[in-house]
Amino acid sequence: MSEAETSAPALRRVLIVEDNDDVREMIRLYFEHAGLEVLQAADGRGGLELALRERPDLVLMDLGLPELDGFTLARAIRAEDPERRMRLVAMSGYAREHLGERAEPGLLDRWLLKPVMPDVLLQLVRHG
């Protein structure tokens, strides 16, 4: 196996669903620099449309979104992707325990606390 094959990211296509333009842009730049194709949406409805049409490897979503919140978005994606081919990673400024029963087990693959640090994004790129 060549060095290029061993260093290739585990992901190819990522969808960022984030209503804060600055945060979305920072994450987009990071993922593009890592060689990924990046899709973007500024609200839950747009995120759902892109996720179902484009089937990205990873959906990185804010939980406090306009239109559809992140929990509703995750449930809708899971309903259309029962094989769980899309990894769902949530971002929130609130600690997980403060979100109570809305954070149902198995809905999300990973949970990140905002602000998301570059080393955490690097882990997503490497391991999905």
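Check the entry above for the structure.
So, here's what we can say about the structure. Everything numeric here is computed off the predicted structure, so don't read it as measured data.

## With respect to the overall build of the protein
So, step 1. Looking only at helices and strands, one finds five helices and five strands in the protein.
So, step 2. What you see in the protein, going N to C, is helices and strands ordered as α-β-α-β-α-β-α-β-β-α.
So, step 3. Relative to its 128 residues, the protein shows a buried fraction of 43%.
So, step 4. Sequence separation of at least 24 residues holds for 61% of the intrachain contacts in the protein that already meet a minimum separation of 6.
So, step 5. Split by element, the accessible area of the protein, about 7200 Å² in all, is 49% carbon and sulfur.

## Re the nonpolar core
So, step 1. In terms of nonpolar packing, the biggest core is built from 22 residues, with Val17, Val59 and Ile77 touching the most fellow members.
So, step 2. In terms of residue count, helix α4 (residues 70–80) provides more of this core than any other element does, four residues in total.
So, step 3. Excluding residues that lie within four positions of it along the chain, Val59 makes contacts with Leu15, Val17, Ala51, Ile77, Met86, Arg87, Leu88 and Val89.
So, step 4. Of all hydrophobic cores here, the second largest spans 17 residues; its members include Ile16, Val116, Val120 and Val125.

## With respect to the pattern of salt bridges
Think of it this way: side chains of opposite charge can pair up when their charged atoms draw near.
So, step 1. As enumerated under the stated definition, the model contains 13 salt bridges in all.
So, step 2. We note a salt bridge from Asp21 to Arg24, for which the minimum N-O separation is 2.8 Å. A residue pair is termed a helical-turn pair when its members lie 3 or 4 positions apart in one helix, as Asp21 and Arg24 do in helix α2 (residues 21–33) at three residues.
So, step 3. Taking relative accessible area as the criterion, Arg24 reaches 12% and is therefore assigned buried.
So, step 4. A salt bridge links Glu32 to Arg28; the nearest nitrogen and oxygen atoms lie 2.4 Å apart. On the criterion of helical spacing, the pair formed by Glu32 and Arg28 is a turn pair, its members being four residues apart in helix α2.
So, step 5. Salt bridges here are not isolated pairs; linked through shared partners, they connect Arg13, Glu37, Arg53 and Glu54.

## Let's talk about the environment of Arg12
So, step 1. Looking at the element boundaries, Arg12 is found in the loop between α1 (3–7) and β1 (13–17).
So, step 2. A relative accessible area of 64% places Arg12 in the exposed class.
So, step 3. Between the alpha carbons of Arg12 and Asp57 there is a distance of 6.7 Å; along the sequence they are 45 residues apart.
So, step 4. Aside from chain neighbours lying at most four places away, what touches Arg12 is Leu36, Glu37 and Asp57.

Conventions used here
- Residues numbered from 1 in each chain as written.
- Predicted model: local features only at pLDDT ≥ 70, side-chain atom pairs only at ≥ 80, totals over all residues.
- Heavy atoms only, no water.
- Helix = DSSP H or I, 4+ residues; strand = E, 2+ residues; numbered from the N terminus.
- Buried < 20%, exposed > 50% of the residue type's maximum accessible area, 1.4 Å probe, protein only.
- Contact = heavy atoms within 4.5 Å.
- Areas by Shrake-Rupley, 256 points an atom, 1.4 Å probe, with all protein chains shown as cover.
- Core = buried A, V, L, I, M, F, W, Y, C linked by side-chain atoms within 4.5 Å.
- Salt bridge = Lys/Arg side-chain N within 4 Å of Asp/Glu carboxyl O.

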